[in-house]
Amino acid sequence: MAGEDFRPVLMGFGNPLLDISVHVDAEYLQKYSLKANDAILADASHANIYTEIVEKNPVYVAGGACQNAIRGAQWLLPQKSTIYVGCVGKDDAAQILRDVAAKDGLRTDYLVDESTPTGRCAVLITGINRSMVTDLQAANNYKITHTQSALIQAYINSAKVFYIEGYHLTVSPDTMLYVAKNASETGKTFCLNLSAPFIAQFFTKVLLDVVAYTDYLFGNEAEAEAFATAQNYGTTDVKEIALKASQIPHLGGRSRIVVFTQGADPVIVAKDGVVTEYPIIPITVSSIVDTNGAGDAFCGGFLSQLVQGKPIAECVAAGNYVANVVIQRVGPTYPDVPHSYVYKA
């Protein structure tokens, strides 16, 4: 890999998970006291799930929020445009993860923790419902020493845009600050996703430390409200929250752009004191198959245009396009065929 002429323009850091999707019946969920439409972290009582479901003709996906987004960006970009970094184990799951990521055109360079298994997410499908049981394992063990290695530094030097999920604050906040500061000092673009309400609630200080270097801040309406509560904004209005978040001082002296999705409601963008709303692509409820990963898909589409220097309206349009495609498929997956995206003003 080191000898290849590979110069990615978009680089992601996050918590890689091998998503294992299978169809099960209600009895299987009852066996593990699982709800039909839920997302939980695994405990000891769920240990056998991961060995059992591989016998059920599973579908494997290179998962984790950031990895989902970078795969989506790669779908709209020329080949070899992206690189994704995280931590995996030294096991069969890690190789499957590499293979399915590569199938989507995504280059990966994982830190390997030989003492811990690769993180996995069991996606148990019953009808239109998804019960997700996540066992983070090696995804929790990323180290900044990997970021500072010669190969990863070469990728950092090549990349124009960096994207990191908020979940990574629970794993390697020093890596996030390192990458964010580097982007600020070298005139590159750093993007951060709030990822989940608990990040704003329980990692408030370190989140703000990273936000101070963030050029593009992403989230959904629930994450926006949690951020507003943690910052004592005194409002639940998503537009007001976006505006206030955009005005947090940037330590690089730049403007910050805040992008909040709201499901079926318009995308909110706050920039330079102005809030703009962008409608999503209309879709009937009957056409929606699975909304899991829709937010990641939106970010992927947005980033695909951002790295090409496109204006905000085009970035949002691409984000809406990719999200619209993904919610008509099972899981955060992208078609094997080329995209048909064309920006229309």
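Now for a quick tour of the structure. (Residues numbered from 1 in each chain as written. Predicted model: local features only at pLDDT ≥ 70, side-chain atom pairs only at ≥ 80, totals over all residues. Heavy atoms only, no water.)

**Here we look at the pattern of salt bridges**
Part 1: Summed over the entire model, instances satisfying the criterion amount to six salt bridges.
Part 2: A salt bridge links K90 to E114; its shortest N-O distance comes to 4.0 Å. Of this pair, K90 sits in the loop between strand 6 (87–89) and helix 4 (92–103) while E114 sits in the loop between strand 8 (111–113) and strand 9 (120–126), and the two are 24 residues apart along the sequence. For the residue pair K90 and E114, the accessibility class agrees, reading exposed in each case.
Part 3: Of the charged contacts, one joins K205 and D209 as a salt bridge, the two residues approaching to 3.2 Å between their closest N and O atoms. Note that K205 and D209 are positioned in helix 9 (residues 204–211) at a spacing of four residues, about one turn of the helix. (Salt bridge = Lys/Arg side-chain N within 4 Å of Asp/Glu carboxyl O. Helix = DSSP H or I, 4+ residues; strand = E, 2+ residues; numbered from the N terminus. Buried < 20%, exposed > 50% of the residue type's maximum accessible area, 1.4 Å probe, protein only.)

**Description of the sheet that holds strand 9**
By definition, the strands of a sheet pair up through backbone hydrogen bonds, in either a parallel or an antiparallel sense.
Part 1: In spatial order, the strands read 3-10-9-2-4; together these five strands make up an open sheet with mixed pairing. Strands with a single pairing partner mark the edges of an open sheet, and in this sheet they are strand 3 (38–41) and strand 4 (59–63). For this sheet, the mean inter-axis angle between neighbouring strands, taken without regard to orientation, is 20 degrees.
Part 2: Pairing between strand 2 (residues 17–23) and strand 9: six bridges, direction parallel. (Pairing = 2+ DSSP bridges. Axes fitted to C-alpha atoms, helices over the stretch in contact; angles between N-to-C directions.)

**Section: the state of the cysteines**
What we call a disulfide is simply a covalent bond connecting the sulfur atoms of a pair of cysteines.
Part 1: With the rule as written, the count across this model stands at zero disulfides.
Part 2: Between C87, a cysteine without a disulfide, and C66, which holds the nearest cysteine sulfur, the sulfur-to-sulfur distance is 15 Å.
Part 3: Judged by its relative accessible area of 0%, C87 falls in the buried class.
Part 4: A disulfide-free cysteine, C299 has its sulfur positioned 8.8 Å from the sulfur of C191, the nearest such atom. (Disulfide = S-S within 2.5 Å.)

**Structural notes on helix 6 (residues 150–158)**
Part 1: Of all the residues in helix 6, the buried ones are I152, Q153, Y155 and I156. Considered in projection along helix 6, the buried side chains sweep an arc of 160 degrees and stay on one side of the axis. Opposite the buried face of helix 6, by more than 90 degrees, sit the exposed residues A150 and N157.
Part 2: Where helix 6 is buried, its residues touch strand 1 (10–13), strand 5 (82–85), strand 7 (107–108), helix 5 (144–147), strand 11 (161–165) and helix 7 (173–186). (Arc of directions from axis to C-beta. Contact = heavy atoms within 4.5 Å.)

**Some words on the packing of helix 10 (residues 221–230) against helix 11 (residues 238–246)**
Part 1: Remark: helix 10 packs on helix 11, axes separated minimally by 10 Å, with the N-to-C direction vectors making an angle of 60 degrees. One element, helix 10, and the other, helix 11, form an angle in the oblique class. The crossing of helix 10 and helix 11 is left-handed. Facing helix 10, whose interface residues are E221, A224, E225, F227 and A228, helix 11 presents V238, I241 and A245.
Part 2: Looking at the contact of helix 10 with helix 11, its residues break down into six nonpolar, no polar and two charged. (Parallel < 35°, antiparallel > 145°, perpendicular 65-115°, else oblique. Left-handed = near helix turned anticlockwise from the far one by under 90°. Nonpolar A, V, L, I, M, F, W, Y, C, P; charged D, E, K, R; others polar.)

**Things to note about the environment of N68**
Part 1: Assignment of secondary structure puts N68 in helix 3 (residues 65–76).
Part 2: We classify N68 as buried; its relative accessible area is 5%.
Part 3: Spatially, the C-alpha atoms of N68 and G14 are 10.0 Å apart, while their sequence positions differ by 54 residues.
Part 4: With sequence-adjacent residues up to four places away left out, N68 is seen in contact with A62, G63, D296, P332 and Y334.

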